[in-house]
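Residue strings, one per chain:
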Amino acid sequence: MSVSPIFSAPRCLSEHACFGGVQRFYQHTSEVIGLPMRFAVYLPPQALLPGAAHVPAVVYLAGLTCTEETFATKAGAQRMAAELGLVLIAPDTSPRGANAPGEADSWDFGVGAGFYLDATQAPWATHWRMESYLLDELLPLLGQHLPIDTTRLGLMGHSMGGHGALTLSLKHPGRFRSLSAFAPICAPTQCPWGHKAFSGYLGADTTTWAAHDATALMQQRATPGNAAGQGALFPQGILIDQGLADKFLAEQLHPHLFEAACAQAGQPLTLRRHAGYDHGYYFISTFMADHLRHHAAQLADGPV
């Protein structure tokens, strides 16, 4: 019988009262990454009551150049999370302080651009292990030290983080009960951001790339005559919002490819396209409440 490791408590760097709950920023020494890592947690008032039961949580994966602070300060999510009783978890987007050659040469590769995968190529394979970090270390750590029900986890993300949310949910069935994304990179094997990241982190063998491509992973689930919702990983649906004024839409994001793959696989998907909205946090904050309600409905023990 395997025994879960005991993780040392993370250090709280700062704490801020917010909508009856508390916004905290933490740091811990990651065994998986081999470096200090930071993350943010919002605890709603329901999680702070004496003797309160553990509450569900939603993990948010941020995009390129972001940090653990971006979501907490820009998304405007705490008010609705407090109403719904959801913990919000936001990890950093990459290792920092590794001093790997070229780690800060590009805004879309290296520092701030971990792509939520485990690198296999030198020098990145030593520290750039974001997939294992999130699933095998950070979430178990928080389950041990915070009032979180780790059987009721949702996952969402934006851009590179949307790619991470989609791929991690599809690669690890059962770890997350709800899924959503804002302007995700839906087919990284078919866009410049993905080519750059995968070439550097995974190497020139493109046959290894599909394991980190949401569209390819969804296509693998398709079977002839698959009916909507039958055998779907998320039978209550996946929610994606996409701005039509997003300057990255045509070249980098390709939500239509993921939409077609979901239809082929019988996975219910709500893909909402919004005229006038761009790629940034004004867009995200506009529709954040919808996403949190989407997660709360699927994470609740009963109807919300």
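Note: the structure precedes this text.
Report follows, based on the coordinates.

Conventions adopted
Residues numbered from 1 in each chain as written. Predicted model: local features only at pLDDT ≥ 70, side-chain atom pairs only at ≥ 80, totals over all residues. Heavy atoms only, no water. Helix = DSSP H or I, 4+ residues; strand = E, 2+ residues; numbered from the N terminus. Buried < 20%, exposed > 50% of the residue type's maximum accessible area, 1.4 Å probe, protein only. Core = buried A, V, L, I, M, F, W, Y, C linked by side-chain atoms within 4.5 Å. Contact = heavy atoms within 4.5 Å. Salt bridge = Lys/Arg side-chain N within 4 Å of Asp/Glu carboxyl O. Phe/Tyr/Trp six-rings, centres within 6.5 Å; stacked < 30°, edge-to-face > 60°. Pairing = 2+ DSSP bridges. Axes fitted to C-alpha atoms, helices over the stretch in contact; angles between N-to-C directions.

### Remarks on the environment of Ala260
- Following the sequence through the fold, Ala260 ends up in helix α8 (residues 255-265).
- On the accessibility criterion, Ala260 (46% relative accessible area) is partly exposed.
- Sequence spacing of Ala260 and Met218 is 42 residues, and the spatial spacing of their C-alpha atoms is 9.4 Å.

### Description of the nonpolar core
- With 101 residues, the main nonpolar core has Phe71, Phe115, Tyr133, Tyr201, Phe258, Met288 and Leu292 as its most contacted residues.
- Excluding its chain neighbours within four sequence positions, the residues that come into contact with Phe71 are Tyr60, Ala77, Leu88, Ala90, Met156, Tyr281 and Met288.

### Some remarks on the pattern of salt bridges
- Within this structure, the stated rule accounts for 9 salt bridges.
- A salt bridge links Arg24 to Glu15; the nearest nitrogen and oxygen atoms lie 2.9 Å apart.
- The buried category is assigned to Arg24, whose relative accessible area is 18%.
- With a closest N to O distance of 3.0 Å, Lys171 and Glu131 form a salt bridge. Taken together, the positions of Lys171 in helix α4 (residues 160-171) and Glu131 in helix α3 (residues 130-145) put the pair 40 residues apart, joining distant regions of the chain.
- We classify Lys171 as partly exposed; its relative accessible area is 28%.
- One continuous salt-bridge network, built from bridges that share partners, spans Asp241, Arg272, Asp290 and Arg293.

### Quick word on the packing of aromatic side chains
- Within this structure, the stated rule accounts for 14 aromatic pairs.
- Ring centres of Trp124 and Trp128 lie 5.0 Å apart, and the angle between their planes is 85°; on these two criteria the pair is classed as edge-to-face.
- The exposure class of Trp124 is buried, given its relative accessible area of 6%.
- In this structure Trp128 comes out as buried when scored by relative accessible area, which is 1%.

### Quick word on the sheet that holds strand β6 (residues 148-158)
- Read across the sheet, 9 strands follow the order β1-β2-β3-β5-β4-β6-β7-β8-β9 without closing on themselves; strand pairing throughout is mixed. Only two strands of the sheet have a single neighbouring strand rather than two, namely β1 (11-18) and β9 (269-274). Each neighbouring strand pair of the sheet contributes to a mean axis angle of 20°, computed without reference to strand direction.
- The sheet contact formed by β6 and strand β7 (residues 178-182) spans 5 bridges and is parallel. Bridge pairing in β7 places Gly154 opposite Ser178.
- Across the sheet, α3 touches β2 (21-29), β3 (36-43), β4 (55-61), β5 (87-91) and β6, and the angle it forms with β3 is around 50°.

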